Amino acid sequence: DDFRLILRARFLDEAESGPWKTKTMFRVPGAGQEMAQIASVKYLQPGDWDRSYYRTTAASLKTKVMTVRQMAAQLFGDTTTGKDPSSGGRMMEHHHGTRILSPTGLIDLTQQVNHASDTSSTGTQLPVAFGLARASRLFREAGPHEAFRTLSRAGKEVVLVTVGDGSLAEGTCFEAIAQAVIQKVPLVICVMDNEYAISVTGDLQVPHGDISKALKGFASCQGSEGLRIMPRVEGWDYAGLCMTFET
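Presented here is an overview of the structure given in this document. (Residues numbered from 1 in each chain as written. Predicted model: local features only at pLDDT ≥ 70, side-chain atom pairs only at ≥ 80, totals over all residues. Heavy atoms only, no water.)

Before going further, it helps to spend a moment on the overall build of the protein chain. Helices and strands together make up the secondary structure of the protein chain, namely eight helices and six strands. Helices and strands appear in the protein chain in the N-to-C order α-α-β-α-α-β-β-β-α-β-α-β-α-α. What you see for the protein chain is a C-alpha radius of gyration of 18 Å, in line with the 18 Å of a compact globule of 247 residues. Expressed along its principal axes, the backbone C-alpha trace of the protein chain runs to roughly 55 × 50 × 35 Å. Relative to its full complement of 247 residues, the protein chain shows a buried share of 43%. About 13,300 Å² of surface is accessible on the protein chain, with carbon and sulfur atoms providing 56% of the total. (Helix = DSSP H or I, 4+ residues; strand = E, 2+ residues; numbered from the N terminus. Rg over C-alpha atoms; globule rule 2.2 N^0.38 Å. Buried < 20%, exposed > 50% of the residue type's maximum accessible area, 1.4 Å probe, protein only. Areas by Shrake-Rupley, 256 points an atom, 1.4 Å probe, with all protein chains shown as cover.)

Put into structure tokens, the structure is as follows:
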């Protein structure tokens, strides 16, 4: 099933580059990241949060945030009610998000894998993800409460954020990571490192040309708990990716 989704995401990506691409306002491909995306969300549980970015089509298909038809409706800006549940056709393509409200009120967020709506500015997903993870910690500290029953599993949820290596050069990303370490929040950071930022190669954007080396100052040291930096895994190594994210 996972490989079917990987192929579906690639075919959708290629279709968006077809003859009708002049009818769309903008497109952001995610080709080459499909395996890593599927593996990253594979082990999320109901109540967890995914704060991906605008290239994670495969991840959204895996978590059933949107169907292919709904993604197409967003691509073409279809404002027909119900066609694009994320934004009603009013946001750029690949800006996916789960609904938290229904016509009858608040949806039980503990019964679905939640996806915080994507934003366009690079790097902005990390501060949002930190905020979600901090909320989880506060729910855990507050303990079980009837008022929070549909919002949190007593703070047991985790937050996954996906970011490119170039975006991690943004100051807001370093601030978010610093606070995540200081406040010890349940945040998993997945870095899609293809050695390119948007306009320059990685060595001109990231210190040491390797984000793992740049983040070593946030890692645990001398008995002080910090960032746990996992070994790098190639994007085509599906078994290795699954093993890393399951850990």
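What follows covers the packing of aromatic side chains. Scanning the entire structure with this criterion turns up four aromatic pairs. For the pair Phe 139 and Phe 148, a centre-to-centre distance of 5.2 Å together with 65° between the ring planes defines the contact as edge-to-face. (Phe/Tyr/Trp six-rings, centres within 6.5 Å; stacked < 30°, edge-to-face > 60°.)

A few words now on the state of the cysteines. Within the structure shown, the criterion is met by zero disulfides. Cys 242 provides the cysteine sulfur closest to Cys 190, a residue in no disulfide bond, and the two sulfurs are 12 Å apart. (Disulfide = S-S within 2.5 Å.)

A few words on the pairing of strand β5 (residues 159–164). Most of β5 is tucked away: six of the six residues are buried. Going residue by residue along β5, you find Val 159, Val 161 and Val 163 tucked away on one face and Leu 160, Thr 162 and Gly 164 tucked away on the opposite face as well. Looking at chain direction, strand β1 (residues 49–51) and β5 are connected through three bridges and run parallel. Its bridge partner lying in β5, Asp 50 is registered against Leu 160. In this sheet, strand β6 (residues 187–192) lies alongside β5 in parallel orientation, the contact comprising six bridges. Bridging across to β6, Val 161 finds its partner in Ile 189. Assessed by its sense of winding, the connection that carries the chain from β5 through helix α6 (residues 171–183) to β6 is right-handed. (Pairing = 2+ DSSP bridges. Right-handed = clockwise from strand over helix to strand, strands pointing away.)

Under the defined criterion, the tally for this structure stands at nine salt bridges. We note a salt bridge from Arg 153 to Asp 48, for which the minimum N-O separation is 3.6 Å. On the criterion of sequence distance, the pair formed by Arg 153 in the loop between α5 (125–142) and β5 and Asp 48 in the loop between α2 (34–41) and β1 is long-range, its members being 105 residues apart. Judged by relative accessible area, Arg 153 falls into the partly exposed class, the value being 27%. Taken together, the shared-partner salt bridges connect Asp 2, Lys 42 and Lys 62 into one network. (Salt bridge = Lys/Arg side-chain N within 4 Å of Asp/Glu carboxyl O.)

Let's shift gears to the sheet that holds β5. Strand order in the open sheet formed by four strands is β4-β1-β5-β6, with parallel pairing between adjacent strands. Strands with a single pairing partner mark the edges of an open sheet, and in this sheet they are β4 (114–115) and β6. On top of the sheet, α2 reaches β1, β5 and β6; it is set at about 175° to β6, its chief contact. (Contact = heavy atoms within 4.5 Å. Axes fitted to C-alpha atoms, helices over the stretch in contact; angles between N-to-C directions.)

Here the phi dihedral of Lys 64 falls at roughly 60°; this positive angle occurs in a residue that is not glycine. Position of Lys 64 relative to the elements: it lies in the loop between α3 (57–62) and α4 (68–75). Of note, Lys 184 is a non-glycine position whose phi angle comes to about 50°, a positive value. One can find Lys 184 in the loop between α6 and β6. Relative accessible area serves as the criterion here: at 44%, Lys 184 is assigned to the partly exposed category.

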